[in-house]
Amino acid sequence: MQDLKEWRETLQRHRRVDRPVITVGMSTCGQAAGGDRVIAALEEVRARLGLQVDIRQTSCIGMCYAEPIVEITLPGKPRVFYGDVTPERVPGLIEKHLVQGEPVSEWALIQVPGEAAPYEGIPVITQSTYYGRQVRVVTSRLGLTDPESLEEYVATGGYEALEKVLGQMTPEQVIEEIKISGLRGRGGAGFPTGMKWSFTRQAPGDKKYVVCNADEGDPGAFMDRSVLEGDPFSVIEGMTIAAYAIGADEGYIYCRAEYPLAIKRLKMAIAAAEEKGLLGRNILGTSFNFDLHIKAGAGAFVCGEETALLASIEGKRGMPRVRPPFPAQQGLWGKPTNINNVETYANVPFIIKNDGQWFASMGTEKSKGTKVFCLTGKVKKTGLIEVPMGITLREIIFDIAGGIQDDRQFKAVQIGGPSGGCLPEDRLDLPVDYDSLNRAGAIMGSGGMVVMDENTCMVDVARFFLDFTQTESCGKCTPCREGTKRMLEILTRICEGKGKMEDLDTLETLARVVKNTALCGLGQTCPNPILSTLQYFRHEYEAHIKDKRCPAHSCQALLIFTIDAEKCTGCGACTRACPAGAISGEKKQPHQIDPALCIKCGSCMEKCKYGAISRL
Amino acid sequence: MMDSGSKNDANIKAKALAEVLKRYAGTKGALIPLLQEAQEIYGYLPREVMREIAMELKIPFSRVYGVATFYTQFHLKPRGRNIIRICQGTACHVRGGARLLEAISTALGIGKNETTADGRFTLETVACLGSCGLAPVMMINEETYGRLTPEKVPAILEKY
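- In the nomenclature of an unreviewed UniProt entry, chain B is known as NADP-reducing hydrogenase subunit HndA of Neomoorella thermoacetica.
- Taken from UniProt, the Sequence similarities (unreviewed entry) comment for chain B reads in full: "Belongs to the complex I 24 kDa subunit family."

- Named according to an unreviewed UniProt entry, chain A is NADP-reducing hydrogenase subunit HndC originating from Neomoorella thermoacetica.
- Within the UniProt record for chain A, the comment given under Sequence similarities (unreviewed entry) is "Belongs to the complex I 51 kDa subunit family."

This is the structure:
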């Protein structure tokens, strides 16, 4: 343990930057936005000018809207982050910032001054509109350190918590500290973590397991991916502490196969921790042993449900089973098992290091600490944010994310994925905590937040989620297997303009039955998107049924394309674009669309240079 | 020539499979990782391979088949050299993921879960790739592409 302390001090001394460093955000999103082309351009310029500069890679700092993001830091100066960096911008950026020493303020997003004097004209991170209201705990290393380096993790306070736990705390004290913190499960249901741990600790048995649920399947959610890619060691340290607290010597991380980079970084991190005696036998010279394995999921959303996940680790079909017995009593291979998700474990080292009171001082009475959200859909600034519990939806969407794209009208925010609900404008001042969201008909879920504007049809959104849950239903219990199918049929019918008013009652009854009778969380929560849209957007359902209109102009079957004779010049571009031969007219005369032939693809509208075609 | 080449290829694959089976011998819960690695080798899960795995693990073939058909990751038919996976997640849906699918489907002349005649591409959809901030997105093999429009598609396909 003394060795670890000395190692950390050495690492911290050597962390000072003595030559310029350029860092590129290379998580999945950074790569998708073209980060590798930016690196190639940087290397080319470095070679051409013969510059003494390190080019490094980091994870996602959270500003997805501005990827690819490049950080440039000169020795003793603030770290400056540039957004939307293209290979074409690279030479100019290097010339000005690196060679002349003048940061390009118009391209800079934020700066992190550290101990240096801030540059003028660039927002300091803590005062920027995007980060000013955020409190970064779990995401504190994201985009700022090298996620593949154990050295950087330790230098930035990593493994201080494990040191404290193994050096001075009994397992009971660790559990007590987690209870004091008020931490609740970040995977969706919000069960108190400390209580879960004590159940598993008290369960009889010599062999116990800890499992990390990294099967982040909610469409619209990437918190866990970002944390695993950006700070894998924090999850590993959190799991190690949990293993000590409950008396386990073996653990599994169940990560979905769609996250190859997360799996790769976890493997590297586990190997590095093993090598330094932070995993495996006699951790930090004590008698505590803990082996950690990775299991890659094989593509089944239901495996996010804990009993299905355990079945999958055992090599079976991932189907849930009746609880009780809960995994805390009978989990993996029948042994007591503690399951938490990625964000929950990642919080643990911070709680232990700072203490439970510190964590409990953030958030609301019943929802403590911070929560990571993925802000996506039609907002100006999409990205990954971490905010204290209790912040309002309005603050998140309008202050942090800058409001709606193209300044359109806000319509709804979908929270909690397929298990969550859609909340309308008059719920925007709702504080974000487990209980308020539940009462409003949504759930915290894992933290996906998809913002929708006037062009999104709420019936179509409900249909979209049902289509998803219907496909992913494992088929074990009848309410979910049959119920999702029937509900999807009704929703599809309504979207096609073939719905009847009594369908709405049937839909609501079915939704309540499935909610009350399905076997697992997937089935019990899948009606939420329907119930919440029926509650808040019933008029849209009625418009589809009674008027055969889609108010958002989104449901294809209900669209009508027409040509404005005043604006049409008879150029014929639309006639050529129409794949169905539905448009006719004399040259230089106004054209017409035959509604019987029109397949409503919208190709004509895209081709018309005169804005003569409209969609009703 | 061709014949001995393909025989050679089959031998290499069989050898690789035997090694994987040896590596997992005695491991608890080995079925899924075994199927994953077998699919890595063969590109899909041929029936004989599933049989061999069942024999090796001493479990009924029906259980192997049950698991292989339960998870979307496993494929029982040969697939193309390049796998296109278009994200159909919420954020992509809201930002035009369906139009992207349509554009690629038209460009390649194949539908969902189909393979082009020359075996160059297989077109699949996926529930969410977790790059929602850059929606709509797709993956070709291990590469992720974001902020896509139908217009950007041909140039990307060109690379494969």
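Thoughts on the domain arrangement of chain A
Residues and elements named next belong to chain A.
Here is step 1 of the chain: Along its sequence, chain A is organised into domain 1 (13-127), domain 2 (150-361), domain 3 (370-453), domain 4 (458-547) and domain 5 (559-615).
Here is step 2 of the chain: The largest share of the area that domain 2 buries against domain 4 comes from P219, F301 and P320, three residues that together contribute 52% of it.
Here is step 3 of the chain: Summed over the shared surface of domain 2 and domain 4, the result is 0 salt bridges.
Here is step 4 of the chain: Across the contact surface, domain 2 and domain 4 share 2 residue pairs in polar contact (both at pLDDT 80 or more).

Describing the UniProt feature "binding site: [2Fe-2S] cluster" (unreviewed entry) in chain B
Residues and elements named next belong to chain B.
Here is step 1 of the chain: As annotated by UniProt and renumbered to match this structure, "binding site: [2Fe-2S] cluster" (unreviewed entry) occupies C87, C92, C128 and C132. For the residues just named, distributed over 46 residues, the greatest C-alpha separation is only 9.2 Å, placing them together at one site.
Here is step 2 of the chain: In this structure, C87 sits in strand β1 (residues 82-87).
Here is step 3 of the chain: Excluding its chain neighbours within four sequence positions, the residues that come into contact with C87 are C92, V126, A127, C128, L129, V137 and M138.
Here is step 4 of the chain: Inspection of the secondary structure assignment puts C92 in helix α5 (residues 90-94).

Things to note about the sheet that holds strand β8 (residues 291-296) of chain A
Residues and elements named next belong to chain A.
Here is step 1 of the chain: One open sheet accounts for 4 strands, arranged β8-β7-β6-β9; its pairing is parallel. In this open sheet, the two strands that pair with only one neighbour each are β8 and β9 (337-341). Neighbour-to-neighbour, the strand axes of this sheet turn through a mean angle of 20°, independent of strand direction.
Here is step 2 of the chain: Judged from the 6 bridges that link them, strand β7 (residues 250-255) and β8 form a sheet pairing that is parallel. Within β8, the residue paired with Y254 across the bridge is K295.

Comments concerning the domain arrangement of chain B
Here is step 1 of the chain: Segmenting chain B into domains produces domain 1 (5-70) and domain 2 (82-158).
Here is step 2 of the chain: Of note, the centres of domain 1 of chain B and domain 2 of chain B, computed from C-alpha atoms alone, are 29 Å apart.

Overview of the side chain of N340 of chain A
Here is step 1 of the chain: Relative to the helices and strands, N340 of chain A is located in strand β9.
Here is step 2 of the chain: Within the structure, the side chain of N340 of chain A is placed 2.9 Å from the side chain of W197 of chain A, a separation counted as a polar contact.

Side note on the interface of chain A and chain B
Here is step 1 of the chain: With 58 residues of chain A at the interface, the matching set in chain B holds 39 residues.
Here is step 2 of the chain: Carbon and sulfur atoms make up 56% of the area that chain A and chain B hide from each other, which totals about 3,400 Å².
Here is step 3 of the chain: Broken down residue by residue, the surface that chain A buries against chain B is led by A32, A298 and F464 of chain A, which jointly contribute 16%.
Here is step 4 of the chain: For the pair chain A and chain B, the number of links is 1 salt bridge.
Here is step 5 of the chain: Two residues, R99 of chain B and E606 of chain A, come together in a salt bridge whose shortest N-O distance is 3.7 Å.
Here is step 6 of the chain: There are 20 residue pairs in polar contact (both at pLDDT 80 or more) connecting chain A and chain B.
Here is step 7 of the chain: Sorting the residues of the side of chain A that touches chain B by element identifies α2 (28-32), β8, α12 (306-313), β10 (370-377), β14 (448-453) and α17 (458-472) of chain A as the ones contributing at least two each.
Here is step 8 of the chain: With 5 residues, α17 of chain A is the single largest residue contributor to the side of chain A that touches chain B.

Quick notes on the rules
The residue numbers shown here count from 1 along each chain, following its written sequence. Whichever chain is written first is A, and whichever ligand is written first is 1; the rest continue in order. Owing to the predicted nature of the model, reporting of local features is limited to residues with pLDDT of at least 70; listing and counting of side-chain atom pairs is limited to 80 or more, with chain, interface and lining totals taken over all residues. Heavy atoms throughout the structure, all of them, feed into the side-chain values; hydrogens and water do not. UniProt positions are given in the numbering used here, feature names are shortened, and annotations may be inferred rather than shown by experiment. For the domains described, the bounds stem from an automatic or database domain assignment. Put simply, buried area is how much 1.4 Å-probe accessible surface two parts lose in total, over both of them, once they are put together. We count a salt bridge whenever a side-chain nitrogen from Lys or Arg sits within 4 Å of a carboxyl oxygen from Asp or Glu. Polar contacts here mean pairs of N or O atoms no more than 3.5 Å apart (in protein, one a potential hydrogen donor and the other a potential acceptor; neighbouring residues in sequence count only if both atoms are side-chain atoms). A run of DSSP states H or I qualifies as a helix once it reaches four residues; a run of E qualifies as a strand once it reaches two. Both are numbered from the N-terminal end. By the convention used here, residues are in contact when the closest approach between their heavy atoms is within 4.5 Å. Two strands pair under a simple rule: DSSP has to find at least two bridges between them. Only the stretch in contact is used when a helix axis is fitted, and all axes are lines through C-alpha atoms; the angle between N-to-C directions ranges over 0 to 180 degrees.

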